[in-house]
Amino acid sequence: MNHEHFMQEAVRLSLENMRSGKGWPFGAVIVKDGQIVWRGANHVTSENDPTAHAEIVAIRDACQHLWTFQLTGCTLYSSCEPCPMCLGAIYWARFDALYFANTKQDAAAIHFDDQFIYQELSKELKDRKLPTYRLDNTQAIKVFEEWARKEDKIAY
């Protein structure tokens, strides 16, 4: 088994998912110790869940299956360069590596354009399209302070 084999499976999932009508043309596989441990396909429209991207579906299922919240020792293969949401989840999951086939430019060419989000993230809050406001954090910061003192917390 090699990188191309795993990528072919991610691409196969994207094609199967698109043709089945379950979602958009995106697939992902998670590999650990040379074996595919989980697969994911985009289910945004079939599950009415804007977060059900192929990578997120695969990460959620793999973590439940492997009974862990970190996927250290795993590699993710995605049929397309991950969007900002998925990329964040990939970093949080602590993958060893990420491989993708289609680029974000390829996705934009078929009207899956995440460039808007990349641009928004670099803007000051006051300049973003989504009105975003910070409120008083007097109570919220106390929760963080208690967390910092908590001795039995699970480190992340």
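Treat the numbers as computed from the prediction; the structure is a model and nothing was measured.

## Looking at the side chain of His43
So, step 1. Looking at the secondary structure, you find His43 in the loop between β2 (35-41) and α2 (44-47).
So, step 2. Given the relative accessible area of 18%, His43 is considered buried.
So, step 3. If sequence neighbours within four positions are ignored, His43 has contacts with Asn17, Lys22, Asn48, Ala52 and Val57.

## Overview of the sheet that holds strand β4 (residues 97-102)
Hydrogen bonds between backbone groups are what pair the strands of a sheet, and the pairing can be parallel or antiparallel.
So, step 1. Here 4 strands make up an open sheet; going across it, the order is β2-β1-β3-β4 and the pairing mixed. Each end of this open sheet is capped by a strand with a single partner; those strands are β2 and β4. Between one strand and the next, the sheet's axes are offset by a mean angle of 15°, whatever the strand orientation.

## Structural notes on the packing of aromatic side chains
By convention here, two paired aromatic rings are described through the distance between centres and the angle between planes.
So, step 1. Within this structure, the stated rule accounts for 4 aromatic pairs.
So, step 2. Note on Phe6 and Tyr77: the rings are 5.2 Å apart at their centroids and 45° apart in plane angle, and the pair reads as tilted. Taken together, the positions of Phe6 in helix α1 (residues 3-20) and Tyr77 in strand β3 (residues 74-80) put the pair 71 residues apart, joining distant regions of the chain.
So, step 3. Note on Phe6: relative accessible area 6%, which makes it buried.
So, step 4. The buried category is assigned to Tyr77, whose relative accessible area is 3%.

Rules used throughout
Residues numbered from 1 in each chain as written. Predicted model: local features only at pLDDT ≥ 70, side-chain atom pairs only at ≥ 80, totals over all residues. Heavy atoms only, no water. Helix = DSSP H or I, 4+ residues; strand = E, 2+ residues; numbered from the N terminus. Buried < 20%, exposed > 50% of the residue type's maximum accessible area, 1.4 Å probe, protein only. Contact = heavy atoms within 4.5 Å. Pairing = 2+ DSSP bridges. Axes fitted to C-alpha atoms, helices over the stretch in contact; angles between N-to-C directions. Phe/Tyr/Trp six-rings, centres within 6.5 Å; stacked < 30°, edge-to-face > 60°.

Purely geometric numbers; function is a separate question.
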